[in-house]
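Reading the structure
For reference, the chains in residue letters:
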Amino acid sequence: MQWRSLVLGLLLLRLGLQALLALLPALAPGLCLRRRFPFPFPPPPAGSSHWGSLLRRGGGDGGATGGDEYERRYSGAFPPQLRARLRDAARGMFVFGYDSYMRHAFPRDELDPLHCRGRGPDHDPSNLNINDVLGNYSLTLIDALDTLAVMGNSSEFQKAVKLVIDTVSFDKDSTVQVFEATIRVLGSLLSAHIIITDTKQPFGDMTIKDYDNELLHMAHDLAVRLLPAFENTKTGIPYPRVNLKKGVPPDSNNETCTAGAGSLLVEFGILSRLLGDSTFEWVARRAVKALWNLRSNNTGLLGNVVNIQTGHWVGKQSGLGAGSDSFYEYLLKSYILFGEKEDLDMFNDAYRNIQNHLRRGREACNEGEGDPPLYVNVNMFTGQLMNTWIDSLQAFFPGLQVLIGDVEDAICLHAFYYAIWKRYGALPERYNWQLQAPDVPFYPLRPELVESTYLLYQATKNPFYLHVGMDILQSLEKYTKAKCGYATLHHVVEKTKEDRMESFFLSETCKYLYLLFDEENPLHKSGNKYMFTTEGHIVSVDERFRNSLWQDILPGEEDSAEKIKPNELKAVNFSSNCNRVPDERRYLLPLKSNYMRQIDRMVGLI
């Protein structure tokens, strides 16, 4: 009888605790049960006892129905005061990182935020992680130029542009990766030039007194120094690295990744069309076509590493992450920018093959049985699974799906990466979904999840994505802030830091966070005439980039290069084809809560 009394007592205790938990939402204002944030938030508005009343739908109708924890946390309106505070926090994050770089590191390429000093190339040929990126050309300053403009800081933008013009030279004995120099440096110079010469000046007065196209001339100079990478290759696929003063090193590697060789067309194409010189677009387009022609006859997939002389696939893995990611991104974005139907045809074929061979899980994201959709790494020739990990770069893909209107699939894939973020407060560089653990545990402040969060919010206007952005901002402040900037996480579980702040933190991560919370930004009021490069640089989508030059030196292709006019781009403009959430459903979760719970369980969060 004693054991029965004990069981009955425990049952009554459990029922009592459940009843108390059910009453907590009503008692919370009096008990001051608030979530703690690592940066100051504004006081509650008059007439409201705490932020919880505003985070519920409509501000006071009881919020989401039922007691589901996901609906309680994520459903409902997002207070404008909180959003403004988060916008300011994102700007403050950028300012702290940028000011720290200028104070402690300029004119060197990067900031070491733990020791408050600058970092440049060390000229050790084996240290590719550093020397592929750093060229002794004030990388972080150049990469951050258009972020200053987007945030409306005209005085600092003008000062930074003048510093670049006066102090930066590419006549350096530096061996850099062609891809990194193109997307970080060339792309930023072109973006800043476009901003300066824009007659409408939407971000404020970003003009430079007596500006004589210096940034465009610098971009031209850099591109000319990169051109030797495209010479003496039997396939037309460029060498991965080039010395800015001497050309391709004599001991250069003949192997390159698909993304590195095939993601140069946007920047090289813009440069060609601004200069009226077809050379740059032609070599970049030739490389894309060479890679495309090497795809598998069986699956239509591409590998991730190729020999530039033989065309033999050294790396046979086909996936959406490192080595492949931006190749697919630039097929679509080249079409958006230049209107070449050929680029869209390649993208559509690639996307179809990705869906057929890389996608696993149930057919629909928000209904049905089975596992949540996931894109895996497969053998390019057979479509068979090669491993059980995905990497953080793949988190860009939901944003790309938004651009083509595949929003439901984007929602589901984004939720998977957000679940990993919730578990660790960061994205490990490589995550094993079978073991539910990081394979490569560092996080170098990458922007891809923030980028997809921003684009999904722009597509749906669902406040769920503002909550996601708030979580990301909190984590960055809590785990990565250092004495003089923000530091790479060496280990996402242990939260140990590395002494490095990569330039894309300022050019992308901070920019996307800021734009997520800045509803009134001029970029959002421009009729979506801007596009982001793979490094997050903004370029205008307008008529001047639709005058082809490259057919002049590709004889016989004039008739096949069908042009798309700007007003015919509706199929890929997320403002017109993004399945926006109707007003009456605006405060519902983008995923059913049981599916969110399933994804959280899939990554070991619950």
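Residues numbered from 1 in each chain as written. Predicted model: local features only at pLDDT ≥ 70, side-chain atom pairs only at ≥ 80, totals over all residues. Heavy atoms only, no water.

Let's shift gears to the confidence of the model for the chain. In the predicted model, the chain carries a mean pLDDT of 86, and 82% of its residues have values of at least 70. The model gives residues 564-586 a pLDDT under 50, and that stretch makes 51 contacts with residues more than four places away or in other chains. (pLDDT = per-residue confidence, 0-100. Contact = heavy atoms within 4.5 Å.)

Pairing is antiparallel in the open sheet, where 3 strands are placed in the order β12-β13-β14. Only two strands of the sheet have a single neighbouring strand rather than two, namely β12 (389-391) and β14 (437-440). Between one strand axis and the next, the sheet turns by 35 degrees as a mean value, whatever way the strands run. Alignment of β12 against strand β13 (residues 430-432), held across 3 bridges, turns out to be antiparallel. Following the sheet pairing, W389 is matched in β13 by N432. (Pairing = 2+ DSSP bridges. Helix = DSSP H or I, 4+ residues; strand = E, 2+ residues; numbered from the N terminus. Axes fitted to C-alpha atoms, helices over the stretch in contact; angles between N-to-C directions.)

A word on the packing of helix α12 (residues 265-275) against helix α13 (residues 279-292). The relative placement of two packed helices is expressed as an angle between their axes plus a distance between the axes. At a closest axis distance of 7 Å, the pairing of α12 and α13 adopts a crossing angle of 155 degrees. By the angle between their directions, the pair α12 and α13 is classed as roughly antiparallel. For the element pair α12 and α13, the recorded crossing hand is left-handed. Side by side, α12 and α13 meet where L265, F268, G269, L271, S272, R273 and L275 of the first sit next to T279, F280, E281, V283, A284 and R285 of the second. (Parallel < 35°, antiparallel > 145°, perpendicular 65-115°, else oblique. Left-handed = near helix turned anticlockwise from the far one by under 90°.)

The feature "active site" (unreviewed entry), as given by UniProt, occupies E180, D325, E429 and E448 in the numbering adopted here. Within the fold, E180 resides in helix α9 (residues 178-197). Excluding residues that lie within four positions of it along the chain, E180 makes contacts with D132, V133 and V185. Following the sequence through the fold, E448 ends up in helix α18 (residues 448-460). Look past the residues within four positions of E448 in its chain and what remains in contact with it is S392, L393, A395 and F396. (UniProt positions renumbered as here; feature names shortened; annotations may be inferred.)

As a packed pair, helix α19 (residues 464-480) and helix α20 (residues 504-517) sit with axes 10 Å apart at the nearest point and diverge in direction by 140 degrees. Between α19 and α20, the angle is such that the two are oblique. With respect to the hand of their crossing, α19 and α20 are arranged in left-handed fashion. Facing α19, whose interface residues are Y465, L466, G469, M470, I472, L473 and L476, α20 presents F505, T509, L513, L516 and F517.

A word on the state of the cysteines. As enumerated under the stated definition, the model contains 2 disulfides in all. Looking at the chain, its bonded cysteines, counted consecutively from the start of the sequence, adopt the pairing 1-4, 2-3. (Disulfide = S-S within 2.5 Å.)

Turning to its location among the elements, E267 is positioned in helix α12. Buried and unpaired, E267 has K333 as its nearest opposite-charge partner, separated by 9.0 Å. Polar contacts involving the side chain of E267 include one to the side chain of Y330, which spans 2.7 Å. With residues up to four places along the chain from it excluded, the contact list for E267 reads T182, I183, L186, G187, L190, Y330 and T533. (Buried < 20%, exposed > 50% of the residue type's maximum accessible area, 1.4 Å probe, protein only. Lys, Arg positive; Asp, Glu negative; His and termini not counted. Salt bridge = Lys/Arg side-chain N within 4 Å of Asp/Glu carboxyl O. Polar contact = N/O pair within 3.5 Å; in protein donor to acceptor, adjacent residues only side chain to side chain.)

We now examine the environment of A350. As for its placement among the helices and strands, A350 is situated in helix α15 (residues 341-357). A relative accessible area of 5% places A350 in the buried class. Residue contacts for A350: discarding those within four places in its chain leaves W292, Y328 and L331.

Within the largest apolar cluster, 173 residues are counted, with the highest numbers of intra-cluster contacts made by F157 and F416. The element that contributes the greatest number of residues to this core is helix α17 (residues 407-424), accounting for 13 residues. Non-local contacts of F157, meaning those with residues more than four positions away in its chain, are made with L145, L148, A149, A192, I195, I196 and M206. (Core = buried A, V, L, I, M, F, W, Y, C linked by side-chain atoms within 4.5 Å.)

This next bit is on the pattern of salt bridges. For the structure on display, the rule yields 33 salt bridges. Here R184 makes a salt bridge to E180, at a shortest N to O gap of 2.9 Å. One end of the pair is R184 and the other is E180, both in helix α9 and 4 residues apart, which spans about a single turn. In terms of burial, R184 and E180 fall into one category: buried. Residues E429 and R446 are paired through a salt bridge, measuring 2.7 Å at the closest nitrogen-oxygen approach. Remark: R446 occurs in the loop between β14 and α18 and E429 occurs in the loop between α17 and β13; sequence separation between them is 17 residues. Relative accessible area serves as the criterion here: at 14%, E429 is assigned to the buried category. Overlapping salt bridges bring together E110, D112, R117, R119, E180, R184, R500 and E502 as one network.

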